[in-house]
Amino acid sequence: MTAPPAGGRSAGTVLEDALGDPDEAGRTAAAADAGELFPAEACGRLDEAGLAAHYVPAGHGGRLENHEELLRLVRVVARRDLTAAVAHAKTYLGAAPVWVAADPEQARAVAAAVLAAAPVGWALSEPDHGADLLNGSCVAVPHPGGYRLDGVKWPVNNATRADLLTVLARTGERGARGHSLFVFDKSTARPGSWRALPKVLTHGIRGADISGIEFTGADVPASARVGAEGTGVETVLRALQLTRTMCASLSLGAGEHALRVTARFVAGRVIQRHPLIERPYHASVLGRAAAHLAAVEAATIAACRGIHGLTPEMSVVSAVAKALAPTLVDALLAELAELLGARSFLTGVHEHGAFQKLRRDHQVVAVFDGSTPVNRAALIQQFPRLVRGWSERATDTDGLRETVRPGGPVRPLDPAALTLLSRRGCSVVQSLPDLAASISASVTASAGVPAGLAEHARALCDELGEVHTRMARVRPAARPAMVSYELAAAYELGFAGAACLHLWAAGEEQHRGEPLWEDGLWVRAALRALRSRTATILRLPRPEPVQGDEYADEQLARVVADAARTGAPVTPFGDPMPVPAGQGGDPGGR
Ligand SMILES: Cc1cc2nc3c(=O)[nH]c(=O)nc-3n(C[C@H](O)[C@H](O)[C@H](O)COP(=O)(O)OP(=O)(O)OC[C@H]3O[C@@H](n4cnc5c(N)ncnc54)[C@H](O)[C@@H]3O)c2cc1C
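Quick caveat: nothing in here was measured; it's all calculated off a predicted structure.

Draft legend 1. Structural context of the overall build of the chain. Looking only at helices and strands, the chain has 19 helices and 10 strands in total. Its C-alpha atoms give the chain principal-axis dimensions of roughly 75 × 55 × 45 Å. When each of the 590 residues of the chain is scored for burial, the buried share is 59%. Within the chain, contacts between residues separated by at least 24 positions form 79% of all contacts whose residues are at least 6 apart in sequence. Summed over its atoms, the accessible surface of the chain is roughly 22300 Å², and 54% of this surface lies on carbon and sulfur atoms. Considering the chain, the positive charge centre built from 60 side chains and the negative charge centre built from 63 side chains are found 3 Å apart.

Printed below as a string of structure tokens:
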């Protein structure tokens, strides 16, 4: 088992310090965005800080032992500049299928390249086939010594800048076993057998290298094939369980950035001689956004730790995380935009126009590496297993315990345990009835459970019961009905609620006395927010008010506003972040 550094500074704090003044970083990011320039300076700093070593498993010579740590590191980058995070962390996505399925020699070679800061891209999409991996047209035809690649991969992040690309190409008949995965090395490929396609202009992440690659008779040696012929799609689907989970760090970082920028504005902006935060409406909206972000954080940490503790369940958990995180963060960005007013839209003012940039940047997180509908469709296919698992309360108790303890040790990931379907279902959700009962029992024993928390836990349990009852009525279908997508969305919210309760129960003692944890502030606000979204989706009556919640959002807003102005964490498991120069005391409004 490996644990993040105990005592000393966390890897996230070390990285934060290496990245320098956030005000200067914000200025540079805004200029690169305006000029549609690659964030070279930010990526250079990340290279110097050795971030790429965290993309490489320790078994291959890198520093990746714990995906919670990687989540925290990418979040640190994303909360400054999402474009830089997308550009740099793409190497992890590109290399993940190698860690999942390559032989040791291949993995060593790719690891050496990544450790030397070589960018790696992941080339799946094609102009006529985006998410439809089974029908890709790019072909790899057997050829003496290996294969010959022909076709176009587009749009692909870092297609031009990458030294290596993992490429999915057809090696047989169309269908599940008709594709193989290759590591394409530009440095050894015959000149003229491939060309980079021009940068595509984009609405957000404007500086990123979103381009493509065309192969025209490009030879790749047989040793470049990852895994056996015909296993390409399966390898991709297993690797996506890692990468989709890690993509949540992009949403988490963007959400944190937005919350800090907005909280500083709401705390400092004076309207009719009073700071905006003194108005109940504005405080409530800010608090509700913070509650949503806390829920995303809990779900995401559980998902990343689940990579280790609940590996065979990751086909469910990764789909949940990839659909949930961008959906909730897009929603909270819309609410925060209203608070910022003009400054949500203007460039160059209020922290270098950070908000409008991050909002544009974040829009793509719901699209790439499997869109929200694609992930929901994947979850829907597993409804029968989830229904069975819920009725049996099937839980991997040891794995769950490890999964819900942020900062605790994790077992090494065994990639062979990543499977296309989860036989058990989802332990985080299916253990909720027992957890709710134990929280209720603690109230009876007066064991310091915050007011109203047991009611929330019981109600969440009932709502998840209703979700599973409705899921049981869904007939398997290649093109599921709309109601199935709604149930998938409700299931994601239930997962987040269960994660909140698990993480609260595991961390309550350790965090006692911290403002966000006072009287269960964050967990009550998060459950309230999640339950009211679920009610809307399922067209259930609005949840009854729960004792102690009347002012939870406003209280949370005040804690978050203070934290944003002092650099303290704005979420229950977040890291501190230095306040940009000139933004601590009086943000003024510009
Ligand atoms: C900025 C950016 C960076 C990208 N980087 C990469 C990269 O590095 N590598 C790479 O390979 N690709 C990359 N992509 C491509 C991205 O992953 C594709 O957008 C994705 O594959 C979906 O393709 P599509 O939107 O073109 O169209 P389609 O797959 O044709 O989808 C059209 C619509 O149908 C929905 N849909 C598709 N299939 C299903 C399904 N089974 N169930 C339910 N709904 C479905 C989609 O959600 C979408 O709304 C990138 C895209 C962008 C915008």
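Draft legend 2. Expanded view of the site of the ligand. Near the ligand lie 21 residues; those nearest to it are W122, L124, S125, A131 and S371. In this structure, an oxygen atom belonging to the ligand sits 2.9 Å away from a main-chain N or O atom of N157. For the ligand, whose free accessible area comes to 960 Å², the fraction covered by protein is 62%. Breaking the shell around the ligand down by element, the ones donating at least two residues are strand 1 (120–123), strand 3 (146–157) and helix 11 (372–381). Residue composition of the shell around the ligand, grouped by class: 15 nonpolar, 4 polar and 2 charged.

Draft legend 3. Structural context of unusual backbone geometry. In this structure, the amide linkage connecting W154 to the following residue, P155, adopts the cis form with an omega of -10°. Of note, P155 is situated in strand 3. The backbone of H350 sits at a positive phi, close to 40°, despite the residue not being glycine. Mapped onto the elements of the fold, H350 is located in helix 10 (residues 350–362).

Draft legend 4. Spatial organisation of the nonpolar core. Membership of the largest hydrophobic core comes to 161 residues, with the highest contact counts inside it found for L259, L336, C426, Y491, L501 and W522. In terms of nonpolar packing, the next biggest core, distinct from the first, is built from 19 residues, A123, A169, F184 and I213 among them.

Draft legend 5. Representation of the packing of helix 9 (residues 314–340) against helix 10 within the structure. It is at 10 Å that the axes of helix 9 and helix 10 come closest, and there the two elements cross at 145°. Like other packed secondary-structure pairs, helix 9 and helix 10 cross with a definite hand, here left-handed. Along the contact surface, helix 9 presents P326, V329, D330, L333, A334, L336, A337 and L340, while helix 10 presents H350, F355, L358, R359 and H362.

Draft legend 6. Representation of the packing of helix 8 (residues 280–309) against helix 18 (residues 521–538) in the model. Between helix 8 and helix 18, whose axes approach to 8 Å, the crossing angle comes to 95°. Comparing the axis directions of helix 8 and helix 18 gives the class roughly perpendicular. From helix 8, A291, H292, A294 and A295 reach across to helix 18, where they touch W522, A525, A526, A529, L530 and R533.

Draft legend 7. Highlighting the environment of P543. You can see P543 is positioned in the loop between helix 18 and helix 19 (552–566). Counting along the chain gives 14 residues from P543 to A557, while the straight-line C-alpha distance between them is 21 Å. The residues contacting P543, other than those within four sequence positions of it, are R531, S532 and A535.

Draft legend 8. Inspection of a nonpolar patch on the surface at higher detail. Taken together, the side chains of L237, L420 and L421 define a hydrophobic patch exposed on the protein surface, amounting to about 230 Å² of accessible area. One can find L421 in the loop between helix 13 (397–403) and helix 14 (427–430). Owing to a relative accessible area of 39%, L421 belongs among the partly exposed residues under this scheme.

Draft legend 9. Inspection of the pattern of salt bridges at higher detail. In the structure shown here, the tally under the stated rule is 35 salt bridges. Ionic pairing is found between R206 and D33, a salt bridge with its closest N-O pair at 4.0 Å. Of the two residues, R206 sits in the loop between strand 6 (194–197) and strand 7 (210–221) while D33 sits in helix 2 (residues 22–34), which places them 173 residues apart along the sequence. Between R411 and E402 there is a salt bridge, with its nearest N and O atoms 2.8 Å apart. By relative accessible area, R411 is classed as partly exposed at 29%. By relative accessible area, which is 7% here, E402 ends up buried. One continuous salt-bridge network, built from bridges that share partners, spans E16, R75, R79, R80, E256, R260 and E297.

Draft legend 10. Structural context of the packing of aromatic side chains. Following the criterion strictly, the structure yields 7 aromatic pairs and no others. The interplanar angle of 80° and the centroid separation of 6.3 Å between the aromatic rings of F184 and W194 together place this pair among those described as edge-to-face. With F184 in strand 5 (residues 179–185) and W194 in strand 6, this residue pair connects regions lying 10 residues apart in the sequence. Each ring, one from W522 and one from F573, has its centre 5.9 Å from the other, and the planes form 80°; the classification is edge-to-face. Residue W522 is located in helix 18, and its partner F573 is located in the segment after helix 19; the two are separated by 51 residues in the primary sequence. Just as W522 is buried, F573 falls in that class too.

Draft legend 11. Spotlight on the side chain of H292. Summarising the element assignment, H292 is placed in helix 8. Here H292 is in contact with L328, L332, A529 and R533, once residues within four sequence places are set aside.

Draft legend 12. Spatial organisation of helix 18. For helix 18, which comprises 18 residues, the first-to-last C-alpha distance of 26 Å matches the rise-based estimate of 26 Å (1.5 Å per residue) to within 8%. The element helix 18 is largely enclosed, with a buried count of 14 among its 18 residues. Phi turns positive, to about 55°, at R539, one or two residues after helix 18.

Draft legend 13. Inspection of the pairing of strand 5 at higher detail. Within strand 5, 6 of the 7 residues are buried, which leaves the element mostly enclosed by the surrounding structure. Where strand 4 (residues 164–170) and strand 5 come together, 7 bridges link them in antiparallel fashion. What sits directly across from L165, in strand 5, is F184.

Draft legend 14. Structural view of helix 5 (residues 82–101). Its 20 residues give helix 5 an end-to-end C-alpha distance of 29 Å, which sits within 8% of 28 Å, the value for a rise of 1.5 Å per residue. The axis of helix 5 is deflected most strongly, by about 35°, at A95, and proline P97 appears within four residues downstream. In terms of burial, helix 5 is a largely internal element, 19 of the 20 residues being buried. Measuring from the backbone nitrogen of T83 back to the side-chain oxygen at the start of helix 5 gives 3.1 Å, which picks out D81 as the cap.

Draft legend 15. Summary view of the pairing of strand 1. Burial along strand 1 is two-sided: V120 and W122 and G121 and A123, pointing in opposite directions, are all buried. Judged from the 4 bridges that link them, strand 1 and strand 4 form a sheet pairing that is parallel. What sits directly across from W122, in strand 4, is T166.

Conventions adopted
- Residues numbered from 1 in each chain as written.
- Predicted model: local features only at pLDDT ≥ 70, side-chain atom pairs only at ≥ 80, totals over all residues.
- Heavy atoms only, no water.
- Helix = DSSP H or I, 4+ residues; strand = E, 2+ residues; numbered from the N terminus.
- Buried < 20%, exposed > 50% of the residue type's maximum accessible area, 1.4 Å probe, protein only.
- Contact = heavy atoms within 4.5 Å.
- Areas by Shrake-Rupley, 256 points an atom, 1.4 Å probe, with all protein chains shown as cover.
- Lys, Arg positive; Asp, Glu negative; His and termini not counted.
- Charge placed at Lys NZ, Arg CZ, Asp CG, Glu CD.
- Near = heavy atom within 4 Å.
- Polar contact = N/O pair within 3.5 Å; in protein donor to acceptor, adjacent residues only side chain to side chain.
- Nonpolar A, V, L, I, M, F, W, Y, C, P; charged D, E, K, R; others polar.
- Core = buried A, V, L, I, M, F, W, Y, C linked by side-chain atoms within 4.5 Å.
- Axes fitted to C-alpha atoms, helices over the stretch in contact; angles between N-to-C directions.
- Left-handed = near helix turned anticlockwise from the far one by under 90°.
- Parallel < 35°, antiparallel > 145°, perpendicular 65-115°, else oblique.
- Patch = residues over 30% accessible without salt bridge, like charges linked within 9 Å, V, L, I, M, F, W, Y side chains within 5 Å.
- Salt bridge = Lys/Arg side-chain N within 4 Å of Asp/Glu carboxyl O.
- Phe/Tyr/Trp six-rings, centres within 6.5 Å; stacked < 30°, edge-to-face > 60°.
- Expected span 1.5 Å × (residues − 1).
- Pairing = 2+ DSSP bridges.
- Bend = angle between axes of the 7 residues up to and from the residue.

Bear in mind that shape data such as this cannot, by itself, settle questions of function.
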